[in-house]
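Examining the three-dimensional arrangement
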Amino acid sequence: MKRAISLNEFIANSQKDFAFATGELSGLLRDIGLAAKIINYEINRAGLGDILGSTTQANATGDIVQKLDQISDELFISSLQNSGECCGIASEENDDFVSFKPQEGKDPKYVVIFDPLDGSSNIDSGVSVGTIFAIYRRISKGTRCTLEDFLQKGTEQVAAGYILYGSSTILTYTTGNGVNGFTLDPTIGEFFLSHPLMKIPPTTKTYSVNQGNYTKYNADTRAFIDFCTNNNLNLRYIGSMVADIHRTLVKGGIFFYPGLKGAPQGKLRLLYECNPLSFIVEQAGGKSSDGIGRVLEVEPNQLHQRTPIFMGSTNLVEKAEEFARLYQNV
């Protein structure tokens, strides 16, 4: 019987992959794993307490904040701040970034960007939700981090991942050396390696899009959807990006949320959702595009910037780009 490898053991063993590793990045990943366990607990008992439903607040991009959004956001921030390994965070639920006061004896070199609970509107229906995170090395000087630390291209990520809260709780991450997934064993409260070196299948019969928006999409997107249906691809859309991307990693296919008529940048956020998941998809052998070029090379200019996104098996992403080029002057 193969010996189970815990998340903490895996992180410690992987530290040697970084020439200048001092343990801070490893500590951050462990902090995120701890926050994931607490959030998982809150989600599993959501129906027993007054934490279902929405608050009266809207976040920076106008979405109504769910109660579990708020709880997850506070838990994530608390976990990252208490360790002293992080100098600041940016969250989808907050208008601006939050700079942490350095703890005595600490000189944190990383910032963390995250979506605390992607797909949270699905909680009341018992549908899978998730957390998305990205870690960047700080580039500013001085006592506190600044906006420039967060407005970095996706290519500068040193780590990214997601936690899927579904039929099982799975933490998946990359540090640029492949993608590995860890499943939470609820009996002992520990993540164990369950999906080593994940690779997106190169061929598939699945596509994932909110097809209810078909008439709102531009001609190139409608043509690509028609291509998918005419070639007998199966529509699979959960409405929780983490769940849709996890299925794409395991079974192949393409997930896309394109621009809409009147909203050319679509719905999804570059920093909080698209960059970290694009890093994972590329590391798993897939491709990620905004329909024109590589998402990870987009220069961000604001924290809550949106972008169209196509990600998954390379052949399908390239087919979507082909339709975009074909219709760009139509």
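We now turn to the structure provided with this report.

The rules behind each value
- Residues numbered from 1 in each chain as written.
- Predicted model: local features only at pLDDT ≥ 70, side-chain atom pairs only at ≥ 80, totals over all residues.
- Heavy atoms only, no water.
- Core = buried A, V, L, I, M, F, W, Y, C linked by side-chain atoms within 4.5 Å.
- Buried < 20%, exposed > 50% of the residue type's maximum accessible area, 1.4 Å probe, protein only.
- Helix = DSSP H or I, 4+ residues; strand = E, 2+ residues; numbered from the N terminus.
- Contact = heavy atoms within 4.5 Å.
- Pairing = 2+ DSSP bridges.
- Axes fitted to C-alpha atoms, helices over the stretch in contact; angles between N-to-C directions.
- Parallel < 35°, antiparallel > 145°, perpendicular 65-115°, else oblique.
- Left-handed = near helix turned anticlockwise from the far one by under 90°.
- Nonpolar A, V, L, I, M, F, W, Y, C, P; charged D, E, K, R; others polar.
- Arc of directions from axis to C-beta.
- Salt bridge = Lys/Arg side-chain N within 4 Å of Asp/Glu carboxyl O.

**Looking at the nonpolar core**
- In this structure, Leu-80, Ile-135 and Tyr-173 are the most contacted members of the largest nonpolar core, which totals 35 residues.
- Among the elements that make up this core, the one with the highest residue count is helix H2 (residues 24-44) (eight residues).
- Those residues in contact with Ile-135 that lie beyond four places of it in its chain are Leu-25, Leu-28, Leu-29, Ile-32, Tyr-110, Val-111, Val-112, Gln-157, Val-158 and Ala-159.
- Residues Ile-200, Leu-268, Leu-277 and Val-281 belong to the second largest nonpolar core, which totals 23 residues.

**Notes on the sheet that holds strand S13 (residues 254-257)**
- With mixed pairing, the five strands of this open sheet are ordered in space as S12-S11-S13-S15-S14. If you trace the sheet from one side to the other, it starts and ends with strand S12 (234-235) and strand S14 (287-289), each paired once.
- Sheet contacts for helix H6 (residues 270-283): S14 and strand S15 (309-312); angle to S15, the most-contacted strand, approximately 30 degrees.
- Seen against the sheet, helix H7 (residues 314-327) touches strand S11 (206-208), S13, S14 and S15 and runs at an angle of roughly 20 degrees to S14.

**Quick word on the packing of helix H4 (residues 219-230) against H7**
- Packing of H4 against H7 leaves a shortest axis separation of 8 Å and a crossing angle of 140 degrees. The orientation of H4 with respect to H7, classified from their angle, is oblique. You can see that H4 and H7 cross each other, and the crossing is right-handed. Of H7, the residues touching H4 (which contributes Ala-219, Asp-220, Ala-223, Phe-224 and Phe-227) are Leu-316, Lys-319, Ala-320, Phe-323, Ala-324 and Tyr-327.
- Among the residues making up the contact of H4 with H7, the classes are represented as nine nonpolar, no polar and two charged.

**Brief notes about helix H1 (residues 7-14)**
- Every buried residue of H1 is listed here: Leu-7, Phe-10, Ile-11 and Ser-14. Axial view of H1: buried residues confined to an arc of 100 degrees, hence all on one face.
- Residues of H1 that are buried sit in contact with H2, strand S8 (169-174), strand S9 (179-185) and strand S10 (190-195).

**Digging into the sheet that holds strand S4 (residues 98-99)**
- An order of S4-S3-S5-S6-S7-S8-S9-S10 is seen for the eight strands of this open sheet, with the pairing classed as mixed. The open sheet has two edge strands with one neighbour each: S4 and S10.
- By the bridge criterion, two bridges tie strand S3 (residues 86-91) to S4 in an arrangement that is antiparallel. Opposite Gly-88, over in S4, you have Ser-99 as the bridge partner.

**Overview of the pattern of salt bridges**
- Going through the model one piece at a time under the given rule, you end up with 13 salt bridges.
- Note that Arg-247 is salt-bridged to Asp-244, the shortest N-O span being 3.0 Å. With a gap of three residues between them, Arg-247 and Asp-244 both fall in helix H5 (residues 241-251), about one helical turn apart. The burial state of Arg-247 is the same as that of Asp-244; both residues are buried.
- Through salt bridges with shared partners, a single network forms among Glu-282, Arg-294 and Glu-297.

**Some words on the pairing of S9**
- Of all the seven residues making up S9, five are buried; the element is thus mostly covered by neighbouring parts of the structure.
- Pairing between S8 and S9: five bridges, direction antiparallel. Directly across from Thr-174, in S9, lies its bridge partner Val-179.
- Sheet analysis places S9 next to S10, joined by five bridges and oriented antiparallel. In the strand pairing of S10, Thr-183 is matched with Phe-192.
- The hairpin turn running from S9 into S10, its antiparallel successor, is four residues long, and Gly-189 in that turn takes a positive phi close to 70 degrees.

**Points about the packing of H1 against H2**
- Taken N-terminus to C-terminus, the directions of H1 and H2 make an angle of 165 degrees; their axes are 10 Å apart at the nearest point. Between H1 and H2, the angle falls in the class roughly antiparallel. Along this stretch, H1 crosses H2, giving a crossing that reads as right-handed. Each of Leu-7, Asn-8 and Ile-11 in H1 lies in contact with H2, whose residues at this interface are Ser-26, Leu-29, Arg-30 and Gly-33.
- In terms of residue class, the contact of H1 with H2 is made up of three nonpolar, three polar and one charged.

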